[in-house]
Amino acid sequence: MAHAAVSALDLGREKQLLQFFPEPVRLQLLYKAPHHGFKMSDLISKFDQVGRFVVIVYLESGTMKGGYLSKRPESYCQEDRGAFVFEIDHQKANVFPVVKHRNAIILNKESFGFGDCLTIYSNKDKTLCVAVGFDDTYTPTDWSEELEVPFMDVELHRVGDVLLNPWRELSWTEKERGSLRKNVVSFKPACRSINRVRVLLMGPPGSGKSSFINSVRSVILTTLSVFSLSTQLKSYDIRSERGGKPTAVTLCDVLALGDGETTGLTLTDALTVIKGHAPEGHKVDGICFLSGTETSGYRPNPSVNDQIHCAVFVLNACQVMATSEDLTETLRTLQAEISGLDIPQVVLLTHVDQVCHAIQEDVKFVYSSRILQEKMQKAAEVVGLPVSYVFPVKNYSSELSVSCNTDILLLSAMNLFPLQPDQENLGHNYFLNGVV
């Protein structure tokens, strides 16, 4: 399976770049030189027939230079009244709008450029080169002329608006937050033999499992708290007040999944936990968690209350597009095994605010972002579940207090977890707010 190209554009520089646009937009990577090829034909072929585009050149000096064009380049001298070139470095971000519209974009078989300010061309070996300079097509850049600038990468992005109509609807009000919180606090299992629904979070390192648990507990308590990463099977109660009675939902954390069966939590050990054989607090060493009855505390005949009733795969939105083949195989195999046990499953996609500028500004844009929609689709593909089972969340990290919209996103995910195992068949997917 070929790995998807990942942009070198970090969120800070993306934020600076997006400020050049008068309206909220997002970027979708279409071409990346090391991934797609260092030839002019490779770059030009990635332009869509319809769309707006940004070209970014990452110079070895650490500076980014680039340009924006409002339509696909098709003629030698193309008019573009909205075009601009830009420069972003560690200290500043400058934009230079087009002045002479008719010569905004220049294209031929061997080169593509924004006037003579920024040109990407093929050398005699047909390899991409970059030249910068100064002309009066754009607002004066004061760039010194350099025919072959050392660079590390060239990227082409499609510029897309935030969707006017979200593909999922949420009510972003204080009333909705209160209602969602009440649902979690007052939840009771329909199956009388189950005292508390146990939800196991599984994911690779850095996925945000522990942060999600911390965030949910903070939302219910309305004050932030912190605990460390888990290296053992640990269950966390959710309480509506400090020292109060636990709710009927328990979130369980365990060592991160590894690539294959050699690192992290293995497939065998994950299933041992899910089936209820693993004792609470058992130390995970990443090599041999539980090997059978010789393990201290091993439960050969676990009760229904020892078992996991809902499995949650946690993936990082910043990493999901580059998920390795080994990890993908591990996740899909585990998903298939859990399905065979009739245990409901969902996917949490964390760090969503770090992949989209609009979401970083306000998480209410989470279901209006095309880039996040694509990452949710990828998360579903990686695990092998429908995209309707993927829920995006923003965990609390450095915040000093909770916020309404972040709480709503976290609580809506909790409300959609399949938390109602049936008495006859614990695998029936009854969601907290209705049947799937």
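Our structure's up above, just so we're on the same page.
So, a few notes on the structure that sits alongside this text. Keep in mind that this is a model prediction, so the values were computed, not measured.

**Quick look at the environment of H351**
And then number 1: Considering the arrangement of structural elements, one finds H351 in the loop between β16 (345–350) and α8 (357–361).
And then number 2: A sequence separation of 36 residues divides H351 from L315, and the C-alpha atoms of the two residues are 8.8 Å apart.
And then number 3: With sequence-adjacent residues up to four places away left out, H351 is seen in contact with G206, S207, G208, N316, A317, C318 and V393.

**A look at unusual backbone geometry**
And then number 1: In this structure, K126 is a non-glycine residue whose phi angle is positive, near 65 degrees.
And then number 2: Among the secondary structure elements, K126 is positioned in the loop between β9 (118–122) and β10 (128–132).
And then number 3: Assessed through its relative accessible area of 44%, K126 is described here as partly exposed.
And then number 4: Backbone geometry places D342, a non-glycine residue, at a positive phi of 60 degrees.
And then number 5: With respect to the helices and strands, the residue D342 is situated in the loop between α7 (325–340) and β16.

**Section: helix α10 (residues 404–416)**
And then number 1: In this model, α10 (13 residues) spans 18 Å end to end at C-alpha, consistent with the 18 Å of a helix rising 1.5 Å per residue.
And then number 2: Where burial is concerned, most of α10 is hidden: 12 out of the 13 residues are buried.

**Section: the packing of aromatic side chains**
And then number 1: Counted under the stated rule, the structure contains 12 aromatic pairs.
And then number 2: Aromatic side chains F20 and F84 sit 6.0 Å apart centroid to centroid with 80 degrees between the ring planes, which places their arrangement in the edge-to-face category. Of this pair, F20 sits in the loop between α1 (11–18) and β1 (25–32) while F84 sits in strand β5 (residues 84–88), placing them 64 residues apart in sequence.
And then number 3: According to the relative accessible area criterion, F20 is buried, its value standing at 17%.
And then number 4: Assessed through its relative accessible area of 6%, F84 is described here as buried.
And then number 5: Relative to Y367, the ring of W167 has its centre 5.7 Å away and its plane inclined at 80 degrees; by these criteria the two rings are edge-to-face.

**So, the nonpolar core**
And then number 1: Membership of the largest hydrophobic core comes to 79 residues, with the highest contact counts inside it found for V199, M202, F212, L251 and F417.
And then number 2: Core analysis: the second largest hydrophobic core is formed by 33 residues, F53, V57, A83 and V98 among them.

**Details of the sheet that holds strand β13 (residues 234–239)**
And then number 1: Strand order in the open sheet formed by 6 strands is β13-β14-β12-β15-β16-β17, with mixed pairing between adjacent strands. Looking at the sheet topology across the chains shown, the edges are occupied by β13 and β17 (390–392). Averaged over all pairs of adjacent strands, the angle between strand axes in this sheet comes to 30 degrees, irrespective of strand direction.
And then number 2: Examined bridge by bridge, β16 and β17 share 3 bridges and lie parallel to one another. Note that in β17 the partner of L348 across the bridge is F391.
And then number 3: Each of β15 (310–316), β16 and β17 touches helix α9 (residues 370–383); the most contacted strand, β16, lies at about 140 degrees to it.

**Quick notes on the pattern of salt bridges**
And then number 1: Scanning all chains against the criterion turns up 15 salt bridges.
And then number 2: For the salt bridge of E87 with K65, the shortest nitrogen-to-oxygen distance reads 2.8 Å. With E87 in strand β5 and K65 in strand β3 (residues 64–69), the pair connects residues that are 22 residues apart, well separated along the chain. Note on accessibility: E87 and K65 belong to one class, buried.

**Points about α1**
And then number 1: Looking only at α1, the buried set comprises L11, R13, E14, L17 and L18. Down the axis of α1, the smallest arc covering the buried residues is 160 degrees, so these residues share one side.
And then number 2: Contact partners of the buried residues in α1: β1, β2 (52–59), β3, β5 and α8.
And then number 3: Looking at where α1 begins, the residue whose side-chain oxygen comes 3.1 Å from the main-chain nitrogen of G12 is D10.

The rules behind the values
- Residues numbered from 1 in each chain as written.
- Predicted model: local features only at pLDDT ≥ 70, side-chain atom pairs only at ≥ 80, totals over all residues.
- Heavy atoms only, no water.
- Helix = DSSP H or I, 4+ residues; strand = E, 2+ residues; numbered from the N terminus.
- Contact = heavy atoms within 4.5 Å.
- Buried < 20%, exposed > 50% of the residue type's maximum accessible area, 1.4 Å probe, protein only.
- Expected span 1.5 Å × (residues − 1).
- Phe/Tyr/Trp six-rings, centres within 6.5 Å; stacked < 30°, edge-to-face > 60°.
- Core = buried A, V, L, I, M, F, W, Y, C linked by side-chain atoms within 4.5 Å.
- Pairing = 2+ DSSP bridges.
- Axes fitted to C-alpha atoms, helices over the stretch in contact; angles between N-to-C directions.
- Salt bridge = Lys/Arg side-chain N within 4 Å of Asp/Glu carboxyl O.
- Arc of directions from axis to C-beta.
- Polar contact = N/O pair within 3.5 Å; in protein donor to acceptor, adjacent residues only side chain to side chain.

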